Amino acid sequence: MLARCYSAAVKKRILTVLFPVVAASLCACSSEPAAGDQPAEAGVPPAASTAGATSGMAYPDLYRDMDLPELPGGNLTSTGRQTSSLSDGLALRVETAMPVAEVRDYYSTALGELGWEESPTRGVPGAPMAGLHATKDGVTYMATITRIGDATQVAITLHD
């Protein structure tokens, strides 16, 4: 009986301590902009004359200022909570009908031409997922490319 009461008390204590931490973490991962952050599309005209012009949202100024590749025919579907600095990282999601291998080859070639050094990865031909990791001047560019149904999703993160 004492063990059962002790166990319940410990569980209650753990939940009391962990619940606020988990709740704060979930709030921090919200898709709502943080106070003072502008939504990525605010005040930014849609991509029109860039080489990799896309439909949907416009790429953030920070991404464009770094002259990073924009997937031709891709549709930028979301950005992270902030888009003005790399200190907290920059996150983008792009959707396309292109196969995973073609998307990976595009980013690999485009980043290589811009002087990014790609880390070796082992790909599996025909796999529904691929990754890419490249660095330049202390900045890391990571892309996770996943086929989901009829679309290929590209999750891009940049950080210094």
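Residues numbered from 1 in each chain as written. Predicted model: local features only at pLDDT ≥ 70, side-chain atom pairs only at ≥ 80, totals over all residues. Heavy atoms only, no water.

Notes on the pattern of salt bridges
Part 1 of the argument: One pass over the full model with this rule turns up two salt bridges.
Part 2 of the argument: Taking the shortest distance from any N to any O, the salt bridge between Glu70 and Arg64 comes out at 2.9 Å.
Part 3 of the argument: Since its relative accessible area comes to 24%, Arg64 is described here as partly exposed. (Salt bridge = Lys/Arg side-chain N within 4 Å of Asp/Glu carboxyl O. Buried < 20%, exposed > 50% of the residue type's maximum accessible area, 1.4 Å probe, protein only.)

Description of the pairing of strand β3 (residues 90–96)
Part 1 of the argument: A one-sided burial pattern is seen for β3, the buried positions being Leu90, Leu92, Val94 and Thr96 and the unburied ones Ala91, Arg93 and Glu95.
Part 2 of the argument: Relative to β3, strand β2 (residues 75–79) runs antiparallel, the two sharing four bridges. Paired with Leu76 across the strands is Val94, a residue of β3.
Part 3 of the argument: Relative to strand β7 (residues 151–159), β3 runs antiparallel, the two being bridged by seven bridges. (Helix = DSSP H or I, 4+ residues; strand = E, 2+ residues; numbered from the N terminus. Pairing = 2+ DSSP bridges.)

Examining the confidence of the model for the protein
Part 1 of the argument: Here the protein averages 75 in pLDDT, and 65% of its residues register 70 or above.
Part 2 of the argument: Every residue in residues 1–6 is under pLDDT 50, and counting partners more than four places away or in other chains gives zero contacts. (pLDDT = per-residue confidence, 0-100. Contact = heavy atoms within 4.5 Å.)

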